[in-house]
Amino acid sequence: MFNWISQTIAITALNLRTIPQRLGSSGVAIIGIAGVVVVFVSVLSIAAGFSAAMEGAGSESRALVMRTGADSEMTSGFGGNSVTIIKEAPGLRREGQTALASAELFVIIDLPKISTGTPANVPLRGVEPTAFQVRGDVKIVEGRQFTFGTNEVIVGRGARGQFAGLTVGNTVQSGKATWQVVGVFSAGGGAAETEIWVDSRVLQGIYNRGNSYQTVLAQLDSSASFDTFRDWLTTNPQLNVQVRRETEYYAAQSRALSALIRGVGFGIAALMGLGAIFGAVLTMYTAVSTRSREIATLRALGFNSTSVVVSVLAESMALGMIGGTIGGLSAYFAFNGYQTSTMNFQTFSQVAFAFLVTPELLMTGLFYALIIGLVGGLLPAIRAARLPIPSALREL
Amino acid sequence: MKFLPLLWKSLWRKKFRTIVTLLSVFVAFVLFGVLMTIRTAFTFGVDIAGIDRLVLIHKVSLIMPLPVSYLNRLQNTPGVETATHNTWFGGVYQDPSNFFAQIVVEPEPFMKIYPEYKLPPEQMKAWLDDRQGAIVGVDVARRFGWKLGDRIPIGATIWQPKGGGQTWEFNIVGIYDGEQGVDKTQFFFRWDYLDENRAGGAGTVGWYVVKIADASKSQEMGARFDGMFANSDAETKTTTEKGFVEGFANQMGNIGAIMIWISVAVLFMMLLIAASTMVQSVRERTSEMAVLKTLGFSNTTILSLVLGESLFICLLGGGAGLALAWAFVQQGDPTGQLPIFVLQPQAIMIGVGLIVSMGILAGLIPALSAMQLKITDGLRRN
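Residues numbered from 1 in each chain as written. Chains lettered and ligands numbered in written order. Predicted model: local features only at pLDDT ≥ 70, side-chain atom pairs only at ≥ 80, totals over all residues. Heavy atoms only, no water.

When helices and strands are counted, chain A shows twelve helices and 16 strands. The C-alpha radius of gyration computed for chain A amounts to 30 Å, which surpasses the reference 21 Å derived for 396 residues by more than 25%, pointing to a less compact arrangement than a globule. If you line up chain A on its principal axes, its C-alpha atoms span 95 × 45 × 30 Å. Looking at chain A alone, contacts between residues at least 24 apart form 78% of all its contacts between residues at least 6 apart. Accessible surface computed for chain A: about 15,300 Å², of which carbon and sulfur atoms make up 61%. When the 28 basic and 24 acidic side-chain charges of chain A are each reduced to a single mean position, those positions are 11 Å apart. (Helix = DSSP H or I, 4+ residues; strand = E, 2+ residues; numbered from the N terminus. Rg over C-alpha atoms; globule rule 2.2 N^0.38 Å. Contact = heavy atoms within 4.5 Å. Areas by Shrake-Rupley, 256 points an atom, 1.4 Å probe, with all protein chains shown as cover. Lys, Arg positive; Asp, Glu negative; His and termini not counted. Charge placed at Lys NZ, Arg CZ, Asp CG, Glu CD.)

If you want it as structure tokens, here you go:
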């Protein structure tokens with residue numbers, strides 16, 4: 001047994017040390033595998049970034065109240081009297097007489113996207129003064145807070161970067177309304193950073209909404225009081241509403257697009273993986289056939305054929321490892337943090353986000369690279385072990 | 001021609017290598033076909049959208065409704081062939097993940113403006129006779145197993161029914177088809193049914209579609225429409241349907257494009273790898289080439305032999321790959337979500353071009369060096 005191990009180590013070390021001599025053909029396998037990992041990691045980093053932006057927006061201890069049947073903030077709506085009742089619900093956090101709940105409107109306006117110059121659906125949210133207590137993570141990073149009762153607005157960091165005209169001091173014309181940008185806010189990297197915020201009562205007037213709202217976002221006493229809050233609202237005969245945790249709401253919003261990107265990403269990567277396996281097979285096959293004399297010599301000297309198999313597999317997995325590392329790092333340096341925006345199909349509104357190459361993605365990419373190396377090395381390894389010694393010794 | 005057996009023999013000199021090379025070319029071109037299909041899907045079929053159709057949306061954004069009263073004014077404008085309106089319904093069938101577009105239309109002008117939707121005349125008549133009637137695309141009908149006469153409940157999201165409840169009921173009276181590239185995942189039903197039964201928003205529509213007589217006048221017609229409704233409560237913004245779809249695709253952002261370009265780059269790398277294998281297989285036979293020359297093979301014969309080998313591998317592998325991709329796309333979209341799922345003829349032409357140029361390039365380098373080879377050098381080299 002010990003003998004077998006030392007034999008295996010000896011041949012494997014020999015193989016690995018001679019990789020540089022076969023740079024051409026090894027390079028082919030490495031590039032092929034690196035390519036697969038680049039595609040895999042970078043495509044999935046789009047999905048990861050989008051999910052992070054959407055789900056990072058939510059908090060377990062906040063609940064979103066919408067009309068029954070509405071599938072997003074966009075399609076929800078109820079009257080001001082419902083809002084009054086919702087704010088009386090138990091489980092809601094209160095500071096003195098004020099319920100920490102913000103009745104909001106959510107519409108979209110057309111603004112040109114900087115990158116293409118074509119119109120994009122930018123979300124415009126009408127909020128109440130309590131909105132800033134309900135969402136503790138919202139901070140003004142430039143300029144100042146807007147004054148309630150005026151046409152002043154603040155814009156999210158992401159929105160300012162993606163859409164034209166959203167700098168502090170600028171005005172934005174939308175239909176007959178003129179919005180004055182007075183500040184920029186951050187929201188912990190969440191989807192709100194793509195939004196423009198304004199006083200909800202001002203928005204009601206301009207959009208002819210009377211005294212109606214679309215959603216109420218509530219800060220709960222604690223995450224555990226969600227059930228109390230929900231049950232009280234959904235069993236109240238005066239109301240026709242549904243209640244969801246904010247985290248659940250945003251997870252559901254991002255599901256469709258993330259699934260689509262993941263599906264496409266995995267599909268493309270799988271096909272390319274197949275191609276890369278062929279590349280690795282060819283490389284290892286060449287490596288084995290150019291060394292068939294050496295291998296035959298080793299076996300004639302008494303080296304075990306399983307040692308030869310292991311050494312070939314080790315070599316091809318080493319190529320996989322190198323390719324996987326190169327691919328993962330290239331994807332990381334090329335795409336991590338790349339800012340872009342896309343459309344959330346549930347609300348037809350824009351979400352700005354950054355590509356996110358996570359450690360898990362890198363590890364998964366490396367894992368696939370090793371699998372490709374292993375599978376690619378299998379047939380050539382068996383061939384090497386089965387070489388008939390006399391004829392291989394005679395080979396040129 | 002008499003050298004075909006020789007070509008055949010040298011191809012299979014190393015069987016395993018040739019098979020693997022063939023397979024990797026094959027996979028690369030399957031991938032190429034699928035990528036081109038996804039690319040078309042991500043642009044929402046902008047290549048197919050009409051330019052003689054104009055789309056009028058509310059100037060503030062497309063979610064804002066427009067009054068139905070605009071229809072007459074549009075219809076009576078000189079240069080307008082047909083005008084109609086559409087409304088987004090956005091309902092949910094059983095589960096939110098079963099997404100498909102439901103659009104509220106007026107059947108007659110709608111079918112006139114969109115001749116690409118093919119509906120049998122008796123089904124059209126049934127639609128006109130049934131207020132709750134809806135026509136659906138063959139793709140969405142297949143996805144949910146719907147047949148003519150089925151009654152379909154759809155959950156309300158934007159438009160609540162007046163009588164309470166959360167559900168709208170429809171009868172499937174028609175199943176439309178269309179050429180490749182026509183979106184067959186949609187669900188169309190009648191505006192009069194919606195308008196009489198919705199709790200709010202009566203007398204409004206989502207957007208207008210206008211077919212104009214002269215496509216070259218789309219710019220000035222658009223400006224005229226926007227001028228007609230300027231300074232009203234609902235100002236409009238008119239674009240060609242093509243521009244509208246393009247703008248919509250741009251809203252998806254560059255993520256589709258990034259995915260495609262990364263993949264195309266890697267695809268080329270895979271092709272380079274396959275090509276380098278072919279180059280290598282010829283290099284190994286340098287001394288054999290010298291022997292052939294000694295036997296009196298002319299330079300051009302050697303050149304065409306080597307080129308023939310690489311062309312054979314590319315044409316067989318790549319052709320089979322493209323054919324499989326085409327057959328796969330013909331089966332329809334496996335996810336049932338992409339509105340357009342078609343491998344366009346241009347993409348196939350590009351693919352064929354790639355196959356041929358790859359075959360020539362991969363063969364040319366070793367073929368030229370084999371051609372210029374001096375017999376003595378070739379025999380000495382080992």
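So much for the structure itself; the text now carries on.
Looking only at helices and strands, chain B has 14 helices and eleven strands in total. In terms of C-alpha radius of gyration, chain B reaches 29 Å, well past the compact-globule figure of 21 Å for 382 residues. Its C-alpha atoms give chain B principal-axis dimensions of about 95 × 45 × 35 Å. In chain B, buried positions account for 53% of the 382 residues. The contacts in chain B between residues at least 6 apart in sequence include a share of 78% that link residues at least 24 apart. With the model as given, the accessible surface of chain B reaches about 16,900 Å², and the carbon-plus-sulfur share is 62%. Across chain B, 33 positive and 31 negative side-chain charges occur, with their mean positions spaced 14 Å apart. (Buried < 20%, exposed > 50% of the residue type's maximum accessible area, 1.4 Å probe, protein only.)

Viewed as axis vectors pointing N to C, helix 8 (residues 246-290) of chain A and helix 2 (residues 15-42) of chain B meet at an angle of 160°, and their least axial separation amounts to 10 Å. By the criterion of interaxial angle, the relationship of helix 8 of chain A to helix 2 of chain B is roughly antiparallel. Seen from above, helix 8 of chain A lies across helix 2 of chain B with left-handed handedness. Touching Val264(A), Ile268(A), Leu271(A), Met272(A), Leu274(A), Gly275(A), Phe278(A), Val281(A), Leu282(A) and Tyr285(A) of helix 8 of chain A are Phe16(B), Arg17(B), Val20(B), Thr21(B), Leu23(B), Ser24(B), Val27(B), Val30(B), Leu31(B), Leu35(B) and Ile38(B), all from helix 2 of chain B. Of the residues in the contact of helix 8 of chain A with helix 2 of chain B, the class split is 17 nonpolar, three polar and one charged. (Axes fitted to C-alpha atoms, helices over the stretch in contact; angles between N-to-C directions. Parallel < 35°, antiparallel > 145°, perpendicular 65-115°, else oblique. Left-handed = near helix turned anticlockwise from the far one by under 90°. Nonpolar A, V, L, I, M, F, W, Y, C, P; charged D, E, K, R; others polar.)

Let us now look at the interface of chain B and chain A. Between chain B and chain A, the contact holds 55 residues from the first and 59 residues from the second. Summing the contributions of chain B and of chain A, the shared interface buries around 4,800 Å²; its carbon and sulfur component is 73%. Here chain B and chain A share one salt bridge between them. One salt bridge connects Asp110(A) with Lys237(B), and the closest N-O pair in it is separated by 2.4 Å. Applying the counting rule to chain B against chain A returns five residue pairs in polar contact (both at pLDDT 80 or more). For the side of chain B that touches chain A, the elements supplying multiple residues, two or more each, are helix 2, helix 9 (241-251) and helix 10 (255-283) of chain B. Broken down by element, the residue count for the side of chain B that touches chain A peaks at 13 residues, all from helix 10 of chain B. Tallied by class, the residues present in the side of chain B that touches chain A amount to 30 nonpolar, 19 polar and six charged. (Buried area = accessible area lost by both parts, 1.4 Å probe. Salt bridge = Lys/Arg side-chain N within 4 Å of Asp/Glu carboxyl O. Polar contact = N/O pair within 3.5 Å; in protein donor to acceptor, adjacent residues only side chain to side chain.)

Moving on, we get to the packing of aromatic side chains. Residue and element names in this part refer to chain B. Evaluation of the coordinates by the stated rule reveals 46 aromatic pairs over all chains. Both rings, one in Trp-8 and one in Trp-12, keep their centres 5.7 Å apart while their planes meet at 65°; by these two values the pair is edge-to-face. Trp-12 sits in the partly exposed class, given a relative accessible area of 25%. Through a chain of ring-to-ring contacts, the aromatic side chains of Phe-89, Tyr-93, Phe-100, Phe-144, Trp-146, Trp-168, Phe-170, Phe-187, Phe-189 and Tyr-193 assemble into a single cluster. Across the ring face of Trp-159, the terminal group of Arg-198 is positioned such that the distance to the ring centre comes to 4.6 Å. (Phe/Tyr/Trp six-rings, centres within 6.5 Å; stacked < 30°, edge-to-face > 60°. Lys NZ or Arg CZ within 6 Å of the ring centre and 35° of its normal.)

Ranked by size, the top nonpolar core spans 90 residues in total, and within it Ile261(A), Met272(A), Phe29(B) and Met358(B) carry the most contacts. Other than its neighbours up to four places away in sequence, Met358(B) contacts Val25(B), Phe29(B), Leu271(B), Ala274(B), Ala275(B), Met278(B) and Cys314(B). Counting residues in each nonpolar core, the second largest holds 38 residues, with Leu56(B), Ile154(B), Phe187(B) and Ile212(B) among its members. (Core = buried A, V, L, I, M, F, W, Y, C linked by side-chain atoms within 4.5 Å.)

Strand pairing in a sheet is mediated by backbone hydrogen bonds. Such pairs are either parallel or antiparallel. All names here are of chain B. The strand order across the open sheet formed by nine strands is 6-7-5-8-4-3-10-1-11, and the pairing between neighbours is mixed. Both edges of this open sheet fall to strand 6 (151-155) and strand 11 (236-240), since each of them pairs with a single strand only. When strand polarity is set aside, the average angle formed by the axes of neighbouring strands in this sheet is 35°. Taken together, the two bridges between strand 3 (residues 80-88) and strand 4 (residues 102-105) define a ladder with antiparallel strand orientation. In the strand pairing of strand 4, Trp-88 is matched with Ile-103. This element, helix 8 (residues 218-228), spans strand 1 (53-58), strand 3, strand 10 (207-212) and strand 11 of the sheet and lies at about 165° to strand 11. (Pairing = 2+ DSSP bridges.)

Attention shifts here to unusual backbone geometry. Even without a glycine there, the phi angle at Asn208(A) is positive, about 50°. Residue position: Asn208(A) is located in the loop between helix 6 (200-206) and strand 12 (212-213). Positive phi outside glycine occurs at Gln94(B), with the angle close to 65°. Structurally, Gln94(B) can be placed in the loop between strand 3 and strand 4. Judged by relative accessible area, Gln94(B) falls into the exposed class, the value being 65%.

Residue and element names in this part refer to chain B. Topologically, Gln-102 is positioned in strand 4. Of note is the side chain of Gln-102, whose polar atom sits 2.5 Å from the backbone nitrogen of Gly-91. A polar contact is formed between the side chain of Gln-102 and the backbone oxygen of Phe-100, at a distance of 3.3 Å. Not counting the four nearest positions on each side in its chain, Gln-102 is found in contact with Thr-87, Trp-88, Phe-89, Gly-90, Gly-91, Ile-154 and Phe-187.

Here we take up the packing of helix 2 of chain B against helix 13 (residues 345-372) of chain B. Relative orientation and spacing of two packed helices are given, respectively, by the angle between their axes and the distance between those axes. All names here are of chain B. Two elements in contact, helix 2 and helix 13, have axes separated by 10 Å at closest approach and are oriented at 155°. Judged by the inter-axis angle, helix 2 sits roughly antiparallel to helix 13. In this structure, the crossing between helix 2 and helix 13 has a hand that is right-handed. Side by side, helix 2 and helix 13 meet where Val-25, Phe-29, Phe-32 and Met-36 of the first sit next to Ala-347, Ile-350, Gly-351, Leu-354, Ile-355 and Met-358 of the second. For the contact of helix 2 with helix 13, the per-class residue count stands at nine nonpolar, one polar and no charged.

Residues and elements named next belong to chain A. Along the chain, the position of Gly-188 falls in the loop between strand 10 (177-186) and strand 11 (196-199). In the structure, Gly-188 is positioned 131 residues away from Ala-57 in sequence and 7.3 Å away in space, judged by C-alpha atoms. Ignoring any residue separated from it by four or fewer positions in sequence, one finds Gly-188 in contact with Asp-137 and Glu-193.

Residues and elements named next belong to chain B. Along helix 11 (residues 286-294), the residues classified as buried are Thr-286, Met-289, Ala-290, Leu-292 and Lys-293. Each buried residue of helix 11 lies within a common arc of 160° when the element is viewed along its axis, so the set occupies one face. Looking at the packing, one finds that the buried side of helix 11 touches helix 10, helix 12 (299-330), helix 13 and helix 14 (375-380). Just downstream of helix 11, Gly-296 is the residue with a positive phi angle, here 105°. (Arc of directions from axis to C-beta.)

Turning next to the pairing of strand 1 (residues 62-67) of chain A. Residue and element names in this part refer to chain A. In terms of residue burial, strand 1 counts as a mostly covered element, since six of its six residues are buried. Where strand 1 and strand 13 (residues 215-219) come together, four bridges link them in antiparallel fashion. Its bridge partner being in strand 13, Arg-62 is matched across the sheet by Gln-219. Across five bridges, the pairing between strand 1 and strand 14 (residues 241-245) is antiparallel. Paired with Ala-63 across the strands is Arg-245, a residue of strand 14.

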